[in-house]
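# Geometric and topological summary
Each chain, letter by letter, is given below.
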Amino acid sequence: MKVCRTKKEMQSVVQNAQANNQSIGFVATMGALHSGHLALVERSASDNDITVVSVYVNPTQFNNPEDLEKYPRTLERDIDYLQSAGCDVVFTPTDDDMYPEGKKSKSYPFGSLATKMEGEFRPGHFDGVGTVVQKLFEIIEPNNAYFGEKDYQQVLVVRKMAELEGLDVNVVGCPIEREANGLAKSSRNERLTDEQMEKGSIIYKSLLMARDLKEKGKTVEEIEKAVKETFNQQEMFDLEYFNIANTKTMELLNGTIDVPARAFIAVFAGNVRLIDNISLN
Ligand code: AMP
């Protein structure tokens, strides 16, 4: 496995792969890798001739400076981990390499995809994601890029960015990997206490409850009320939002659910922010 620490090194690997007609699969990460990331790497390795994984904590997608500062950084462990998961090239650029013009985001017309949920509660987040992923796509020129549905809104935003920018890449959404108790795997879980990890199953359980209520014909308002009550009955987790949205447009739904829909949730465990979602169909 090759480790490219600069954009130049990375570009020369890409040129070489293209000269040899090799397909390139790409997984963008911010490191602190876990089996959720590795599932994306394995999928890429099975679909493509070579797999590139970027490990870069992107400053422009953090609206909260404390979250950026506390984000776990475990590069040496990540490199060992990637070596055993079928990754061929790790790209670990510096801020100067990614943002020579200063750490600023572009502004994208994402429309309804980015106005609610993560777009509403993390202002500027999706412009930051779009900016860094555009830069990475332009450097790595992947044929296929793999993103986890844990960040479902992000999958749609990245696909839209590629379309808006005319980048010829197939953006593949991959299923959410979970802990045995249902808690979605996340780099931020490293900051949870044992008790928070254990009781964090409430997040997935509330999503399963939402799916169950939808199957019983309950309205959006009834489902939202039931989920809010579940969180009101305990003190360890604070509900930031629970919404049901149109799977394709991310517009919030109300009343009877008669289009493809997903439920989305964000909670705080202390100052650690966790998100999850589930298909209601
Ligand atoms: P991150 O390092 O958190 O930016 O995540 C990098 C990629 O891994 C993103 O496409 C995430 O959606 C994906 N990912 C993170 N956690 C999971 C998970 N539990 N299951 C599936 N994909 C995930």
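These lines cover the structure that appears in this document, whether it is placed above or below. Not measured: the values here are computed from a predicted model.

This paragraph deals with the site of the ligand. As a matter of local geometry, the ligand sits amid 17 residues, with Met30, Gly148, Asp151, Glu177 and Lys185 nearest to it. Between the ligand and His37 there is a distance of 3.0 Å, counted from an oxygen atom to a side-chain nitrogen or oxygen. Contacts to the ligand include Gly148, whose backbone N or O atom sits 2.9 Å from an oxygen atom. Computed on the free molecule, the ligand has an accessible area of 480 Å², of which 94% lies beneath the protein chains in the complex. Among the cavities detected, the one that contains the ligand is the largest cavity. Here the shell around the ligand gets three residues from one element, more than from any other, and that element is helix α2 (residues 35-47).

Each aromatic ring pair is summarised here by two numbers: the centre-to-centre distance and the angle between the ring planes. Counted according to the given criterion, the structure contains six aromatic pairs. The interplanar angle of 75° and the centroid separation of 5.7 Å between the aromatic rings of Phe62 and Tyr71 together place this pair among those described as edge-to-face. On the basis of relative accessibility, which here comes to 10%, the residue Phe62 falls in the buried class.

For helix α10 (residues 201-215), with 15 residues, the first-to-last C-alpha span of 21 Å sits near the 21 Å given by 1.5 Å per residue. Among the residues making up α10, those that are buried are Ser201, Ile202, Ile203, Ser206, Leu207, Ala210, Leu213 and Lys214. Directly after α10, the chain includes Gly217, whose backbone phi takes a positive value near 90°.

Basis of the calculations
- Residues numbered from 1 in each chain as written.
- Predicted model: local features only at pLDDT ≥ 70, side-chain atom pairs only at ≥ 80, totals over all residues.
- Heavy atoms only, no water.
- Near = heavy atom within 4 Å.
- Polar contact = N/O pair within 3.5 Å; in protein donor to acceptor, adjacent residues only side chain to side chain.
- Areas by Shrake-Rupley, 256 points an atom, 1.4 Å probe, with all protein chains shown as cover.
- 1 Å grid on protein atoms, 1.4 Å probe; cavity = no way out; pocket = protein on both sides within 12 Å on 5 of 7 lines; lining within 4 Å.
- Sits in = over half its atoms within 2 Å of the grid points.
- Helix = DSSP H or I, 4+ residues; strand = E, 2+ residues; numbered from the N terminus.
- Phe/Tyr/Trp six-rings, centres within 6.5 Å; stacked < 30°, edge-to-face > 60°.
- Buried < 20%, exposed > 50% of the residue type's maximum accessible area, 1.4 Å probe, protein only.
- Expected span 1.5 Å × (residues − 1).

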